[in-house]
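Residues per chain are reported as follows:
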Amino acid sequence: MNLVQLQSTKSSLKGNISVPGDKSISHRAIMFGAIAKGTTTVRNFLNGADCRSTIDCFRKLGVKIEEIEDEIKIYGNGFNGLREPIEILDVGNSGTTARLILGLLAGRSFHTVIIGDDSIATRPMKRVTQPLKDMGAVIHGRDDANYTPISIQGGQLHPINYQMPVASAQVKSSLLLAGLQIEGETTIIEPLSSRDHTERMIKQFGGQLSTEQNTIKIIGPQNFQATEVHVPGDISSAAFFMVAAAIINDSEIILDNVGLNPTRTGIISVMQQMGADIQIDPNKISQSSEPNGTITVSTSQLKGIEIGGELIPRLIDEIPIIALLATQAEGKTVIKNAEELKVKETNRIDTVVKELNTLGANIEATRDGMIIYGKTPLKGGTVSSYGDHRIGMMLSIAALVCEKEVYLEGSDAVKVSYPTFFEDLDRLISK
């Protein structure tokens, strides 16, 4: 068992920090650069394990990708520039890579096999593979193509009018990437709006689509032109420091160049409803096609609230750190309609409840979320990330308010989305 003693503090957190580039946007920048014609330059790319898996997969598909200092250059030659890979595509721990690349490969007339790590092998893919089969792709895998390894033979697809059973940006994006290669109109209807980075990037690379409420329509086939992508800081990474500042006495953290896409700012809405002292200063002049700005959070008196409905897709990745926030709020916090947490890197409902309760919290798991009873002092103990980067970072912030030492198993998981997390945290702790 590889245990690491987590940082603790009896003092405050103060300072400015720039979190790494947005993971969702970094993935998509590589993909669109690969299928565009010309040289795409990506700046502030997230150089974490998940996004490196995407680079590796597209190199195996014949795309030249260079890393020059702090830039990524992708030499794309359109959809037709992709080549049948000699090797199996290994997505590592990246569900985004797996699901989105399946949609892209569905329109290519060659054979590909996709695998991932042990975590990916347990994460459901049928939500993507079934509608792609309905479009005409030939896909095989374990449990009727629900789990990796998955083989896909793409080719001649036909448009689809698809009503999504759950709001999922990964499923939506996969079907859009397939539809962009098809003659005719593809329609995707979401039950609730999910993050729209793919739609924004289609337009940034010169493509077209129409969006009305929760219905997205694209007419294919479409071609894309290379461009520059400036990736803003990841609000999902910023969330850990936002919560830390709110719950640790005499703290103030300023987070620069954070993405403020409205489909991702649920964490801001929740913190404001809970009474957090939070200021948002949008950048009026920015090189990014995504809204971004500065977030300042100070120590706050918090109250419990109810979180659910259309807010959930806007903060699905932030629920672990919101659960910690709620343990330090007065009263009961209810999180509901969050079934999607069960199919993340871990079953995040069960994992969050188990690990925070180990530290002394009072949380109950429910069918679709959890109930957190606050305010509770956290004691300390031995906990595990279960290989989930967001669980690892949440527990590292929890350790800061624990009365005794906290030991974490699986701290390396943090590198998936935030390679310098522990160094940045150490810089904020007042010595």
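Computed from a prediction, not measured in an experiment: that's the story for all the values here.

Each value, and the rule that gives it
- Chains are numbered independently. Their residues run from 1 in the order of the written sequence.
- Since the coordinates come from a predicted model, pLDDT governs what is reported: local features require at least 70, and pairs of side-chain atoms require 80 or more to be given and counted, while whole-chain, interface and lining totals use all residues.
- Side-chain figures throughout are based on the complete set of non-hydrogen atoms in the structure, without hydrogens or water.
- In this description a helix means any DSSP run of H or I spanning at least four residues, a strand means any run of E spanning at least two, and both kinds are numbered starting from the N terminus.
- The globule rule is 2.2 Å times the number of residues to the power 0.38, and the radius of gyration it is compared with is taken over C-alpha atoms.
- We call two residues contacting when some pair of their heavy atoms lies within 4.5 Å.
- Working convention for charge: Lys and Arg count positive, Asp and Glu count negative, and His plus the chain ends are omitted.
- Every charge is mapped onto a representative atom, which is NZ of Lys, CZ of Arg, CG of Asp or CD of Glu.
- Salt bridge, as applied in this entry: a Lys or Arg side-chain nitrogen positioned within 4 Å of an Asp or Glu carboxyl oxygen.
- A 1.4 Å probe rolled over the protein chains alone gives each residue an accessible area, and that area as a share of the maximum for its type sets the label: buried under 20%, exposed over 50%, partly exposed in between.
- Whether a set of points on the 1 Å grid over the protein atoms alone is a cavity depends on a 1.4 Å probe fitting there but being unable to get out, while an open set qualifies as a pocket with protein on both sides within 12 Å along at least five of seven lines; lining residues are those with an atom within 4 Å of a point.
- Grid points are joined across faces, edges and corners, and a volume is the space filled by probe spheres set on the points.
- Pairing between strands is defined by DSSP: at least two bridges between the two strands are required.
- Axis geometry follows a simple rule: fit a line to the C-alpha atoms, using only the stretch in contact for helices, then measure angles between N-to-C directions, giving values from 0 to 180 degrees.
- Basically, the charged four are Asp, Glu, Lys and Arg, the nonpolar ten are Ala, Val, Leu, Ile, Met, Phe, Trp, Tyr, Cys and Pro, and anything else, Gly included, counts as polar.
- Two rings from Phe, Tyr or Trp (for Trp, the six-membered ring) form a pair when their centres sit within 6.5 Å of each other. Planes less than 30 degrees apart are called stacked, planes more than 60 degrees apart edge-to-face, and all others tilted.
- Put simply, a charge is over a ring when the Lys NZ or the Arg CZ is close to the ring centre, within 6 Å, and near the line of the ring normal, within 35 degrees.
- Just so you know how the angles are binned, under 35 degrees is roughly parallel, over 145 roughly antiparallel, 65 to 115 roughly perpendicular, and the rest oblique.
- Take the far helix as the reference: if the near one is turned anticlockwise from it by less than a right angle, the crossing is left-handed, and if turned clockwise, right-handed.
- The definition of a nonpolar core used throughout is a set of buried Ala, Val, Leu, Ile, Met, Phe, Trp, Tyr and Cys residues joined through side-chain atoms within 4.5 Å.

A few points about the overall build of the protein
Of the regular secondary structure elements, the protein holds 13 helices and 24 strands. The C-alpha radius of gyration computed for the protein amounts to 21 Å, which stays within 12% of the reference 22 Å derived for 431 residues, consistent with globular compactness. Within the protein, residue pairs in contact and separated by at least 24 positions form 77% of the contacts whose partners lie at least 6 positions apart. Between the averaged position of the 42 positive side-chain charges in the protein and that of its 50 negative side-chain charges there is a distance of 2 Å.

With respect to the pattern of salt bridges
Under the criterion given, the structure shown has 25 salt bridges. Among the salt bridges present, the one from Arg43 reaches Glu228, with a minimum N-O distance of 2.9 Å. With Arg43 in strand 3 (residues 36-43) and Glu228 in strand 15 (residues 228-230), the pair connects residues that are 185 residues apart, well separated along the chain. A salt bridge links Glu306 to Lys336; its shortest N-O distance comes to 2.8 Å. Of this pair, Glu306 sits in strand 19 (residues 306-307) while Lys336 sits in the loop between strand 20 (331-335) and helix 11 (348-358), and the two are 30 residues apart along the sequence. Since its relative accessible area comes to 32%, Lys336 is described here as partly exposed. Linked by salt bridges that have partners in common, Arg195, Asp317, Arg348, Asp388 and Arg390 make up one network.

Considerations on the layout of surface pockets
A probe matching the size of a water molecule, rolled over the atoms, marks out where space remains unfilled. What the second largest pocket holds in volume is close to 420 Å³. For the second largest pocket, the lining is made up of 21 residues, of which Ile247, Ile248, Asn249, Gln328 and Val401 are closest to its centre.

Points about the side chain of Thr112
Its location among the elements puts Thr112 in strand 7 (residues 111-115). With near-sequence residues (within four places) excluded, Thr112 lies in contact with Pro85, Leu89, Leu105, Ile150, Ser151 and Ile152.

Looking at the sheet that holds strand 9 (residues 147-153)
Strand order in the open sheet formed by 4 strands is 6-7-9-8, with mixed pairing between adjacent strands. Each edge of the open sheet carries a strand with a single partner, namely strand 6 (89-90) and strand 8 (138-141).

Description of the sheet that holds strand 2 (residues 14-17)
Spatially, the 4 strands line up as an open sheet ordered 2-16-18-17, and their pairing is mixed. Looking along the sheet, the strands with just one partner apiece sit at the ends: strand 2 and strand 17 (277-282). Going across the sheet, the axis of each strand differs from the next one's by a mean of 15°, ignoring polarity. Here helix 8 (residues 235-247) sits on the sheet in contact with strand 2, strand 16 (252-259), strand 17 and strand 18 (292-298), set at roughly 165° to strand 16.

Here's the deal with empty space enclosed by the protein
Evaluated as defined, the whole model comprises 3 cavities of 30 Å³ or more. Computed from the structure, the largest cavity encloses a volume of approximately 50 Å³. Lining the largest cavity are Ile25, Arg200, Met201, Gln204, Val229, His230, Pro232, Ser288, Ser289 and Glu290. Every element with two or more residues in the lining of the largest cavity is listed here: helix 7 (197-204) and strand 15. Element by element, the count of residues in the lining of the largest cavity is highest for helix 7, at 3 residues. Split by residue class, the lining of the largest cavity holds 4 nonpolar, 4 polar and 2 charged.

Here's the deal with the pairing of strand 22 (residues 369-374)
In this structure, strand 20 lies alongside strand 22, joined through 5 bridges in antiparallel fashion. Residue pairing for strand 22: Thr333 is matched across the bridge by Ile372. Sheet topology note: the strand 21 (residues 363-366)/strand 22 ladder contains 4 bridges and is antiparallel. Considered in strand 22, the bridge of Glu364 is made with Ile371. The hairpin formed by strand 21 and strand 22 contains 2 residues between the paired strands.

Observations concerning the packing of aromatic side chains
Counted according to the given criterion, the structure contains 8 aromatic pairs. Positioned above the aromatic ring of Tyr75 is the side chain of Lys64, whose terminal nitrogen or guanidinium carbon lies 4.8 Å from the ring centre.

Considering helix 11
Counting along an α-helix, one turn takes 3.6 residues, and residues three or four places apart therefore face a common direction. For helix 11, the complete set of buried residues consists of Arg348, Ile349, Thr351, Val352, Val353, Glu355 and Leu356. For helix 11, the elements touching its buried residues are helix 10 (319-327), strand 21, strand 22, strand 23 (381-384) and helix 12 (389-399). With its phi angle positive at about 115°, Gly360 sits one or two positions after the end of helix 11.

Examining the packing of helix 11 against helix 12
Contact geometry for helix 11 and helix 12: axes closest at 11 Å, N-to-C directions at 25°. On the basis of their axis angle, the class for helix 11 and helix 12 is roughly parallel. Where helix 11 crosses over helix 12, the handedness of that crossing is right-handed. Between helix 11 and helix 12, the residues in contact are Arg348, Thr351, Val352, Glu355 and Leu356 and His389, Arg390, Ile391, Met394, Leu395 and Ala398, respectively. Its residues assigned to classes, the contact of helix 11 with helix 12 shows 6 nonpolar, 2 polar and 3 charged.

Regarding the nonpolar core
Ranked by internal contacts, the top residues of the largest apolar core, which has 73 residues, are Phe241, Met242, Leu255, Ile295, Leu356 and Ile397. Per element, the largest residue contribution to this core is 11 residues, and it comes from helix 8. With near-sequence residues (within four places) excluded, Ile295 lies in contact with Ile235, Met242, Ile253, Ile254, Leu255, Val258, Leu260, Ile268, Ile278, Gln279 and Ile280. Counting residues in each nonpolar core, the second largest holds 64 residues, with Ile25, Leu61, Ala137 and Ile139 among its members.

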